[in-house]
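Per-entry structural report
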Amino acid sequence: MDERVGRSAPPPYGTIYNWDGNPFRYKEFPEQLDDLLKKVFAPIEDTPVGALFWCVGEHEAEWPSEKIPMAGESVGRVYETVWGMRHAESLRAMFERGEDPYDAIVRRGRDLGLGVWASVRMNDNHFWNIQDLQTMQTTVTGGLTELRKQHPEWCLGDDAPNWCTTSWNMAIPEVREHKLQLIEEACRIAQWDGVELDWQRHAFHLPRNNEYRLRYALTDLQRAVREMTDRISEERGKPFHVAVRVGATLEACRRIGYDIPIWIGDGLCDIVIGGGNSGTDPCFETEAFLGISENTNVRVYPGYDFDGRQAANRLIPHNEWRDRWFAAMSQGHLSRGADGIYCFNWHANETLRSSSPSTMGSMT
């Protein structure tokens, strides 16, 4: 056990299942809390999954907040899609009815014997080009929040590929302070077991060709989050863990600006998850990450994205091939010492994809 604030290794979850929050969108407005809980847990009940990581957002607060605009405000509650409307307005309606979806998710997860964590996307970019921001054509473009409109210079702009030019530039202190505020509020809205910092969705945080030189900026935020979660640990009298989702290789991490040796060596995280930027990278360097984490409490998880990009015509049905592919990769990682398997962004229900988590999380 780490002497600092009673830190200890997280439980051996085996398989971690990440939900990106989309179940808020699956029912007609206003979605009922019972329906939400059924959707959230249907894919993982009676499976070897040991923990649920629930994405609590990216840019706006998905809870009532005094300091951060709430979901829907960036578009003036005028939505481009029905999905977007359902998500923001069903969420708002639950709080207006006096319901707390996050408390309910945590309690239901605990009833099922699961760890339940908040997950925060550090620089999600689904709203594309900075040209939208420069021309202020942001009426229905989610993610282009008021802070981005006020400070376009805080975005990466030309220092990033065209599709992610509106990603935050983490080298700017005000950006890190804003992100820390959002993360702390997310950590405090429920009795989570920990928080995941999802650096990989999407992995553009620093000006191009300067990522390694400026890596201290990401470490600065990582350290600030750890100090904040240590305070939560002290207040609650039990560990509040921190996970990071990073690149699948140490070289990728260096090029993006993730200083993994420092993050592990300085105790800034408890779980390291490796994965592609937006897709399954089968080449996670299990031994390399385990080598850095040796003699620490840090657990190592390879991660899979269920985006279907490996689909092709095969001699067996694709779904059957996919399950075997995930199972085979998992057996390889686990046999080399990985602590478990992480499933990212797996939209599912009680039958769709339910076989995959049941076939890949253990050596038995």
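It is worth spelling out the overall build of the chain at this point. Each helix and strand counted, the chain has 12 helices and 8 strands in total. Rg of the C-alpha trace for the chain: 20 Å, near the compact-globule value of 21 Å for 364 residues, within the 12% margin. Summarising its shape, the C-alpha atoms of the chain cover approximately 55 × 50 × 45 Å along the three principal directions. Residue burial in the chain is summarised as follows: out of 364 residues, 57% are buried.

Strand pairing in a sheet relies on backbone hydrogen bonds, with the paired strands running either antiparallel or parallel. A barrel is described by the order of its strands in space; here 8 strands give the closed sequence 1-2-3-4-5-6-7-8, paired in parallel fashion. Neighbour-to-neighbour, the strand axes of the sheet open up by a mean angle of 25°, direction not taken into account. Bridge analysis of strand 2 (residues 49-55) against strand 3 (residues 115-121) gives 5 bridges, and the strand direction is parallel. Paired with Phe53 across the bridge in strand 3 is Trp117. The strands touched by helix 3 (residues 101-111) within the sheet are strand 2 and strand 3, with strand 3 carrying the most contacts at an inclination of about 140°.

Before going further, it helps to examine the nonpolar core. Judged by nonpolar contacts, the single largest core of 84 residues is most densely connected at Val56, Tyr102, Trp192, Trp199, Tyr258 and Trp263. With 6 residues, helix 7 (residues 215-236) is the largest single contributor of residues to this core. Formed by 11 residues, the second largest nonpolar core is a distinct cluster that contains Tyr13, Ile273, Tyr301 and Tyr342.

That bond from Phe29 to Pro30 is cis: its omega, -5°, falls within 30 degrees of zero. Here Pro30 shows up in the loop between strand 1 (14-19) and helix 1 (33-41). A cis amide bond links Arg201 to the next residue, His202, at an omega of 5°. For His202, the position within the fold is in the loop between strand 4 (194-198) and helix 7.

The next point concerns helix 3. Residues Pro101, Tyr102, Ala104, Ile105, Val106 and Gly109 constitute the buried set of helix 3. Capping of helix 3 at its N-terminal end is provided by Asp100; its side-chain oxygen lies 3.1 Å from the backbone amide nitrogen of Tyr102. Gly113 lies just past helix 3 and shows a positive phi near 80°.

On to the packing of helix 6 (residues 173-188) against helix 7. Where helix 6 contacts helix 7, the two axes come as close as 10 Å, and the packing angle between them is 30°. It follows that helix 6 is roughly parallel to helix 7 by the angle criterion. You can see that helix 6 and helix 7 cross each other, and the crossing is right-handed. Contact residues: helix 6 offers Arg176, Lys179, Leu180, Ile183, Glu184, Cys187 and Arg188, while helix 7 offers Ala217, Asp220, Leu221, Ala224, Val225, Met228, Arg231, Ile232, Glu235 and Arg236. Of the residues assigned to the contact of helix 6 with helix 7, the class counts are 9 nonpolar, no polar and 8 charged.

With that out of the way, let us pick up the packing of aromatic side chains. This model, assessed by the stated rule, comprises 19 aromatic pairs. Judged by centre distance (5.1 Å) and plane angle (25°), the rings of Tyr304 and Phe326 are stacked. Of this pair, Tyr304 sits in strand 7 (residues 299-305) while Phe326 sits in helix 11 (residues 318-335), placing them 22 residues apart in sequence. Taking relative accessible area as the criterion, Phe326 reaches 0% and is therefore assigned buried. Their ring planes at 15° and their centres at 5.5 Å tell us that Trp321 and Trp325 sit as a pair that is stacked. With Trp321 and Trp325 both in helix 11 and 4 residues apart, this pair spans about one turn of that helix. Among the aromatic residues, ring-to-ring pairing joins Tyr17, Trp19, Tyr26, Trp83, Tyr304, Trp321, Trp325, Phe326 and Trp346 into one connected group. Residue placement shows Arg215 over the ring face of Tyr212; its charged tip is 3.9 Å from the ring centre. If you follow Arg314 out to its NZ or CZ, it ends over the ring of Trp321, 3.4 Å from the centre.

Moving on, we come to helix 2 (residues 82-96). Given a rise of 1.5 Å per residue, 15 residues ought to cover 21 Å, and the 20 Å separating the end C-alpha atoms of helix 2 matches this to within 8%. For helix 2, the tally of buried residues reaches 11 of 15 residues, placing the bulk of the element in the interior. All of the buried residues along helix 2 are Gly84, Arg86, His87, Ala88, Glu89, Ser90, Leu91, Arg92, Ala93, Met94 and Phe95. Two residues or fewer past helix 2, Gly98 is found with a positive phi of approximately 85°.

Turning our eyes to something else, we now look at the pattern of salt bridges. For the coordinates displayed, the defined rule picks out 23 salt bridges. Across the salt bridge formed by Asp305 and Arg201, the nearest N and O atoms sit 4.0 Å from each other. Taken together, the residues Asp305 in strand 7 and Arg201 in the loop between strand 4 and helix 7 connect sequence positions 104 residues apart. Across this residue pair, the class does not change: Asp305 and Arg201 are buried. Residues joined by salt bridges that share partners form a network here, namely Glu184, Arg188 and Glu235.

In terms of burial, strand 8 (residues 340-344) is largely enclosed, as 5 of its 5 residues are buried. Burial of strand 8 is two-sided: the residues Gly340, Tyr342 and Phe344 facing one way and the residues Ile341 and Cys343 facing the other way are all buried. Where strand 1 lies against strand 8, 4 bridges are found, and the strand directions are parallel. Of the residues in strand 8, the one forming a bridge with Ile16 is Tyr342. In this sheet, strand 8 lies alongside strand 7 in parallel orientation, the contact comprising 3 bridges.

Thresholds applied
Residues numbered from 1 in each chain as written. Predicted model: local features only at pLDDT ≥ 70, side-chain atom pairs only at ≥ 80, totals over all residues. Heavy atoms only, no water. Helix = DSSP H or I, 4+ residues; strand = E, 2+ residues; numbered from the N terminus. Rg over C-alpha atoms; globule rule 2.2 N^0.38 Å. Buried < 20%, exposed > 50% of the residue type's maximum accessible area, 1.4 Å probe, protein only. Pairing = 2+ DSSP bridges. Axes fitted to C-alpha atoms, helices over the stretch in contact; angles between N-to-C directions. Contact = heavy atoms within 4.5 Å. Core = buried A, V, L, I, M, F, W, Y, C linked by side-chain atoms within 4.5 Å. Polar contact = N/O pair within 3.5 Å; in protein donor to acceptor, adjacent residues only side chain to side chain. Parallel < 35°, antiparallel > 145°, perpendicular 65-115°, else oblique. Left-handed = near helix turned anticlockwise from the far one by under 90°. Nonpolar A, V, L, I, M, F, W, Y, C, P; charged D, E, K, R; others polar. Phe/Tyr/Trp six-rings, centres within 6.5 Å; stacked < 30°, edge-to-face > 60°. Lys NZ or Arg CZ within 6 Å of the ring centre and 35° of its normal. Expected span 1.5 Å × (residues − 1). Salt bridge = Lys/Arg side-chain N within 4 Å of Asp/Glu carboxyl O.

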